[in-house]
Each structure stands twice: as structure tokens, then as C-alpha cells.
Amino acid sequence: MNNDQALAKLYRKRRIVKFIIILVALSLLVGVLALTGHAYATSNNYCSLCHEMSPEYVTWQASSHSKLACTACHQVDFIDQIYQHLRNQYFLPIVTPAPVANAVCEKCHNLKIRTVSATGDIKIPHQQHLAQSVLCVDCHSGVAHGQIAVRQETVDGNWERWTAAMGKAQMGRQFTATGMKQCIDCHESRRVSTKCEACHTEIVMPPDHKTAKWLGQGEHGRQARINLAACDRCHSFSSTGQVIHGLDKLTNYTRTNTFCAECHQKAPANHGPTWRIEHGAKAVD
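A. Local environment of the overall build of the protein. Of the regular secondary structure elements, the protein holds 17 helices and 0 strands. When burial is assessed residue by residue, the protein has 21% of its 285 residues classed as buried. Restricting the contact set of the protein to residue pairs at least 6 apart, pairs at least 24 apart contribute 58%. Looking at the protein as shown, the accessible area adds up to about 20,700 Å², and 60% of this sits on carbon and sulfur atoms.

Here is the structure:
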């Protein structure tokens, strides 16, 4: 082999080595970019990039789950979401394609040993609910986003108003906690007992409810006019949510709350079959 052939062979080897080095470098670069992109795409910052996700982002920041990544609870199709964003083809309100599975919640919460709530005398036998295929989100749908989709808070598409302060305001207890009416509705639909003792460890009637004047002399009505919210703490589960226009707040409450209506819409004992004939004379008297 002469010198020219040897040099040509050496150059070929060098070119092959350079090609291999460049190929390996490009592969490493693509791998790093892919890993970085995936890490960013699965981070919470990714969810905040699109303006249509700002309501979910700021409510999550104000929630008890703010230390968890979005992907800890949600399975996200990032490619589909980017496509919808770029084509402006998303629908409002934005909802998850499937409810969060109980297995996701059980990564952090041991539901099989929880029997009593941390806020009072409510009995919550989680294991019995699990046995009946009740989803955690059936009761706790507001813990992360305050049910903003259910409450139609995002349908106007006004993303500028979704500031951190707005997110905090939308995560008040009235939007995140499970209400008695929610429990009653579920029990009724599943034909489970709705008696007070079914859920409460102790039933304590307020002292003023035990006096003769509470019902007989209308004291409950006077107190209701002063603080109707106090009545609603126990009797909200009986509210139908209807509003009769033209009536004051208390009258509306007594006519649309089934507990109150049992008495308030019941005819007095002297209003018998002939009352329509007699009532004129009685009114004159």
C-alpha cells in the first residue's frame, strides 16, 4: 500500500469517526430535549401556559392540593391539548374526560381506615362507600378547583379576571366542602337511610327549640328573621333550591324548604271541607 492509499484510508476512518461522534451527540441532544420537554410538559408550569387553563391553575394554587403536580391526579393528552389550543377548538367549561379514579386518591389517603371526619361529629365510613363503588370525587369534587366547571364560572372566556385573588375567592368552603344536601341526595338516590343518626354521632337539639313558645308562640319565626343562616346550618338539606319571585327571603325559605313546608303549607285544623263557605264569616268575626 503506497502513501496515498494509506492517507485515503486514514481520512475515511476519520470521517466515519466524526460521523459517529456527531450522530451520538445529536442522539444525546434529542434525548436531553425530549426528557426536558417531557419534564416541563408534566410540570404545573405547562398547565399555566394556556390562558384557557388559568382558572384551573389559580384555583389549584389556592387549594389543599397545591403541593401536588397536576399529573398526580390527571392523565393529560398533551398533544391533543396543544392541538386544541392552537386551533382554538376547546369547549367551555373545560372538563376532564374521565373522573379521577379512587386509586389516584388512595396513593395519598388511606380510605379503608377513615371512619369519622376531622371537622365534627359526622360519621364517614369510607370503606362502605368504596364497597358501593362511590367515587371519592362524588363527594369531594371541589377540593382542587372549587367546582368552577360545574358552576359554569368559566364559560364567559374572560381569562383576565382569573387572578390569584380570584382563585382564592373561588376556593371558599362553600365551594370545596361536601354539603348535607349532597349527602342526602346521594342517600335518597341509593335508597340509603337519611335519618340524622345515620351520619351524625350525636344529635343535640338547641335548648331554645325545647321550649313551648318555640313552635306554639312562633319564636322560631322571629329568630329566623334575625338569623336565617343559623336555621340553614341544620335544615339546608331540605331546601329545594327553588325561588318564588315576589316573596321575601324568609317566606321563600319556608315555602321551598320541605322541612318547613310540612307545617307552613298544612291547613289549620279548623279548615275543614266547608271552610271555603265558612271563612268569610270567620274573617268578619
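B. Structural detail: the pattern of salt bridges. This structure, assessed with the given rule, holds 4 salt bridges. The partner of Arg 151 in a salt bridge is Glu 153, and the shortest N-O contact between them spans 3.4 Å. Notably, a salt bridge pairs Arg 161 with Glu 153, separated by 3.8 Å at the nearest N-O pair. Judged by its relative accessible area of 21%, Glu 153 is partly exposed. Here the salt bridges share partners, and the residues they tie into one network are Arg 151, Glu 153, Asp 156 and Arg 161.

C. How the structure looks around helix α15 (residues 249-256). Considered for burial, the residues of α15 that qualify are Leu 250, Asn 252, Tyr 253, Thr 254 and Thr 256. Put simply, Asp 248 is the residue that caps the front of α15, since its side-chain oxygen is 3.1 Å from the backbone nitrogen of Leu 250.

D. The arrangement of the packing of aromatic side chains in detail. Tallied over the entire structure, the rule returns 1 aromatic pair. Between Tyr 57 and Trp 60, the aromatic rings sit 5.5 Å apart at their centres with planes inclined by 40°, giving tilted as the arrangement. With Tyr 57 and Trp 60 both in helix α3 (residues 54-61) and 3 residues apart, this pair spans about one turn of that helix. Here Tyr 57 matches Trp 60 in class, with each residue buried. For the cation-ring pair, Arg 151 lies above Phe 175, with the distance from its terminal atom to the ring centre recorded as 3.6 Å.

E. Main features of the state of the cysteines. Inspection of every chain in the model, using the stated rule, returns 0 disulfides. Summary of cysteine pairing: Cys 183 is not part of a disulfide, and the nearest cysteine sulfur, belonging to Cys 199, is at 6.0 Å.

F. Structural context of the nonpolar core. Counting 8 residues, the largest nonpolar core is built from Tyr 57, Val 58, Trp 60, Tyr 90, Ile 148, Trp 159, Trp 162 and Met 166. Residue contacts for Tyr 90: discarding those within four places in its chain leaves His 51, Glu 52, Gln 84, His 85 and Trp 159.

G. Expanded view of the packing of helix α14 (residues 228-235) against α15. Packing of α14 against α15 leaves a shortest axis separation of 12 Å and a crossing angle of 15°. Judged by the angle between their axes, α14 and α15 are roughly parallel. Crossing geometry of α14 relative to α15 is assigned as left-handed. On α15, the residues that touch Leu 228, Cys 231, Asp 232 and His 235 of α14 are Lys 249, Leu 250 and Tyr 253. Tallied by class, residues from the contact of α14 with α15 come to 4 nonpolar, 1 polar and 2 charged.

H. Unusual backbone geometry, seen in detail. Of note, the bond from Leu 92 into Pro 93 is cis; its omega dihedral lies within 30 degrees of zero at -5°. Tracing the backbone through its elements, the reader meets Pro 93 in the loop between α4 (78-87) and α5 (102-105). Phi at Gln 147 is positive, roughly 55°, even though this residue is not glycine. Summarising the element assignment, Gln 147 is placed in the loop between α7 (136-139) and α8 (164-169).

I. Broad picture of the environment of Ile 148. The residue Ile 148 is located in the loop between α7 and α8 in this model. For Ile 148, a relative accessible area of 2% translates into the label buried. In sequence terms Ile 148 and Glu 56 are 92 residues apart; their C-alpha atoms lie 8.1 Å from each other. Apart from residues lying up to four places away in sequence, Ile 148 is in contact with Pro 55, Glu 56, Thr 59, Glu 153, Thr 154, Trp 162 and Gln 170.

J. Layout of a nonpolar patch on the surface. Side chains of Ile 16, Phe 19, Ile 20, Leu 23, Val 24 and Leu 28 sit close together on the surface and give an oily, nonpolar patch of about 600 Å² of accessible area. Among the secondary structure elements, Val 24 is positioned in helix α1 (residues 3-41).

K. Local environment of the environment of Asn 102. In this fold, Asn 102 is placed in helix α5. Sequence separation between Asn 102 and Ser 133 is 31 residues, and the spatial gap between their C-alpha atoms is 9.3 Å. With sequence-adjacent residues up to four places away left out, Asn 102 is seen in contact with Leu 130, Val 134, Leu 135 and Cys 136. One polar contact links the side chain of Asn 102 to the main-chain carbonyl oxygen of Val 134, over a distance of 3.2 Å.

About the criteria used
- Residues numbered from 1 in each chain as written.
- Predicted model: local features only at pLDDT ≥ 70, side-chain atom pairs only at ≥ 80, totals over all residues.
- Heavy atoms only, no water.
- Helix = DSSP H or I, 4+ residues; strand = E, 2+ residues; numbered from the N terminus.
- Buried < 20%, exposed > 50% of the residue type's maximum accessible area, 1.4 Å probe, protein only.
- Contact = heavy atoms within 4.5 Å.
- Areas by Shrake-Rupley, 256 points an atom, 1.4 Å probe, with all protein chains shown as cover.
- Salt bridge = Lys/Arg side-chain N within 4 Å of Asp/Glu carboxyl O.
- Polar contact = N/O pair within 3.5 Å; in protein donor to acceptor, adjacent residues only side chain to side chain.
- Phe/Tyr/Trp six-rings, centres within 6.5 Å; stacked < 30°, edge-to-face > 60°.
- Lys NZ or Arg CZ within 6 Å of the ring centre and 35° of its normal.
- Disulfide = S-S within 2.5 Å.
- Core = buried A, V, L, I, M, F, W, Y, C linked by side-chain atoms within 4.5 Å.
- Axes fitted to C-alpha atoms, helices over the stretch in contact; angles between N-to-C directions.
- Parallel < 35°, antiparallel > 145°, perpendicular 65-115°, else oblique.
- Left-handed = near helix turned anticlockwise from the far one by under 90°.
- Nonpolar A, V, L, I, M, F, W, Y, C, P; charged D, E, K, R; others polar.
- Patch = residues over 30% accessible without salt bridge, like charges linked within 9 Å, V, L, I, M, F, W, Y side chains within 5 Å.

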